[in-house]
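# Structure at a glance
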Amino acid sequence: MQTLLLNPEDVLANAKMSEVIAAVEDAFAAYEHGDAQMPAKSYIDLPRYNGDFRSMPAYLDVRKSEYGPSGRSDSPAGSDASGDWDAAGVKWVNVHPDNADRYDLPTVLGTVIYSDPRNAFPLAVMDGTSVTRLRTGAAAAVATDHLAVEDATSLGIVGAGVQSYTQLEAISAIRPIERVVVSDIDAERVAAFRDRFGDDFDVRAGSVEEAAACDVLSTVTPVEEPIVKREWVGERTHVNAMGADAAGKHELEDGILLDATLVIDDHAQTTHSGEINVPYSKGVLTDDDIHAAIGEIVVGERPGRTADTGVTVFDSTGLAIQDIATAHVVYEHAKETGAGYPFDLVDTRVR
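Bear in mind that the values here come from a model prediction, so they are computed numbers and not experimental data.

Moving on, we come to the overall build of the protein. The helix and strand inventory of the protein stands at 12 helices and 16 strands. In terms of overall size, the protein behaves like a compact globule, its C-alpha atoms giving a radius of gyration of 19 Å where 351 residues would be expected to give roughly 20 Å. With respect to the principal axes defined by its C-alpha atoms, the protein has extents near 65 × 50 × 45 Å. For the protein, the residues scored as buried account for 55% of the 351 residues in total. For the protein, the proportion of contacts with a sequence separation of at least 24, taken over those separated by at least 6, is 73%. The protein carries 28 positive and 59 negative side-chain charges, and their two centres are separated by 3 Å.

Right under this line is the structure:
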């Protein structure tokens, strides 16, 4: 047996967004039903380099034959007729904010080892940076599907870095997005975003206030002081708070979180390093203010948007189950298309 090496081009070519969204939704459902294992994300702090490493393992046993997460028709690649699949792996990833300026590298770099749960053989080693971008967009899309108004046509994006691209790609796959307002302190990033999507959407630069007034708002910044004010957010806007992934990060004013129907991805992670971590640690926000975990909504245990729902917020920290679900889609398609480079990674001789 050989391990498949998949570079960024291989990952992107074998990850149809609709299938990644479906797989990530399956992952949320499996996690809610106890059919997933996801040990806590471990950190290696590197203050000397203004960065950190994170280890994110997970195992998923998706049983669509036993429960239907949401009725979504898209099945991940490689699933059998019943839609069941299982997968295991680990992502080794970092956050180094100085990378772009000092090393001409992305802030986030990652590698995924994707293994066969039956025998632990490493089926693939793939670019985890692309996987991270894809699964982050897919998670926002799942939340948007359950929490945004059905006829959402406008999307505001605060932060025009690489994560913003998959926010638009994923959210536009489940809502009829026409107009996009993108806000960033870096005009060159905004221009690059407009060049990429200007032929397909009405994209324009705008302020944070203008972005927040859209039907859907995605925030993808690393700030530690809130930049989105409560009065700017539309009466029925859905907000994907994607930027906070470490203690101290905080993009939204506390009033938004307190007034909104608040949905999280994982209690331990969000209270430690998600958008709610700062007000939660200060006692400004408590468990009583949290409406549900996204998995509870996906499987129907808690309601998503109703006719009476106003502002909604999804606090996404990024879960290892999302990475492995995405890697599952990529690997199964790569096998079909012959993508990647097979090589001998481990000694498989039985002594």
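Right, let's get into the environment of Glu 225. For Glu 225, the position within the fold is in the loop between strand S11 (216-219) and strand S12 (238-241). Judged by its relative accessible area of 61%, Glu 225 falls in the exposed class. C-alpha of Glu 225 to C-alpha of Leu 252: the two residues are 27 residues apart in sequence and 8.2 Å apart in space.

Here we come to the nonpolar core. The biggest cluster of nonpolar side chains holds 76 residues, and the ones touching the most others in it are Phe 28, Leu 60, Tyr 114, Met 126, Leu 168 and Ile 321. One finds Ala 211, Cys 214, Val 228 and Leu 285 within the second-largest nonpolar core, a separate group that totals 23 residues.

Tallied over the entire structure, the rule returns 7 aromatic pairs. Both rings, one in Tyr 114 and one in Tyr 331, keep their centres 5.3 Å apart while their planes meet at 45°; by these two values the pair is tilted. Within this pair, whereas Tyr 114 is found in strand S6 (residues 110-115), its partner Tyr 331 is found in helix H12 (residues 320-337), the two being separated by 217 residues in sequence. Across the pair, exposure class does not vary: Tyr 114 and Tyr 331 are buried alike. When the centroid spacing of 4.9 Å and the interplanar angle of 50° are considered together, the rings of Phe 193 and Phe 197 count as tilted.

Along the chain, the position of Lys 41 falls in the loop between strand S2 (36-37) and strand S3 (42-46). Despite being buried, Lys 41 has no salt bridge partner; Asp 245 is the closest side chain of opposite charge, sitting 6.4 Å away.

Taken together, the side chains of Tyr 103, Leu 105 and Leu 109 make up a nonpolar region of the molecular surface, amounting to roughly 270 Å² of accessible area. With respect to the helices and strands, Leu 105 occurs in the loop between helix H3 (99-103) and S6.

On to helix H4 (residues 128-147), then. Here H4 contains 20 residues, and its C-alpha end-to-end distance of 28 Å stays within 8% of the 28 Å for a straight helix at 1.5 Å per residue. Within H4, 18 of the 20 residues are buried, which leaves it mostly tucked inside the rest of the structure. A side-chain oxygen of the first residue of H4 lies 3.1 Å from the backbone nitrogen of Thr 129; this N-cap is Asp 127.

The two faces of S11 match: Val 216 and Ser 218 on one face and Leu 217 and Thr 219 on the other face are all buried. In this sheet, S11 lies alongside strand S8 (residues 154-158) in parallel orientation, the contact comprising 4 bridges. Along S11, the bridge assignment pairs Leu 155 with Val 216.

As a further point, take the sheet that holds strand S9 (residues 179-183). Two pairing modes exist for strands in a sheet, parallel and antiparallel, and in both the strands are linked by backbone hydrogen bonds. The strand order across the open sheet built from 8 strands is S10-S9-S8-S11-S12-S15-S13-S14, with neighbouring strands paired in parallel fashion. In the strand order of this sheet, the two ends are held by strand S10 (202-205) and strand S14 (290-293), each with one partner. If you compare each strand with its neighbour and ignore which way they point, the axes differ by 20° on average. One ladder, built from 5 bridges, connects S8 with S9; its direction is parallel. Bridge pairing in S9 places Ile 157 opposite Val 182. Relative to S12, H4 is tilted by about 160°, and along the sheet it contacts S11, S12, strand S13 (261-264) and strand S15 (312-315). Together, S8, S9 and S10 form the strand contacts of helix H6 (residues 187-197), whose direction differs from that of S10 by roughly 175°.

Reading the values: the criteria
- Residues numbered from 1 in each chain as written.
- Predicted model: local features only at pLDDT ≥ 70, side-chain atom pairs only at ≥ 80, totals over all residues.
- Heavy atoms only, no water.
- Helix = DSSP H or I, 4+ residues; strand = E, 2+ residues; numbered from the N terminus.
- Rg over C-alpha atoms; globule rule 2.2 N^0.38 Å.
- Buried < 20%, exposed > 50% of the residue type's maximum accessible area, 1.4 Å probe, protein only.
- Contact = heavy atoms within 4.5 Å.
- Lys, Arg positive; Asp, Glu negative; His and termini not counted.
- Charge placed at Lys NZ, Arg CZ, Asp CG, Glu CD.
- Core = buried A, V, L, I, M, F, W, Y, C linked by side-chain atoms within 4.5 Å.
- Phe/Tyr/Trp six-rings, centres within 6.5 Å; stacked < 30°, edge-to-face > 60°.
- Salt bridge = Lys/Arg side-chain N within 4 Å of Asp/Glu carboxyl O.
- Patch = residues over 30% accessible without salt bridge, like charges linked within 9 Å, V, L, I, M, F, W, Y side chains within 5 Å.
- Areas by Shrake-Rupley, 256 points an atom, 1.4 Å probe, with all protein chains shown as cover.
- Expected span 1.5 Å × (residues − 1).
- Polar contact = N/O pair within 3.5 Å; in protein donor to acceptor, adjacent residues only side chain to side chain.
- Pairing = 2+ DSSP bridges.
- Axes fitted to C-alpha atoms, helices over the stretch in contact; angles between N-to-C directions.

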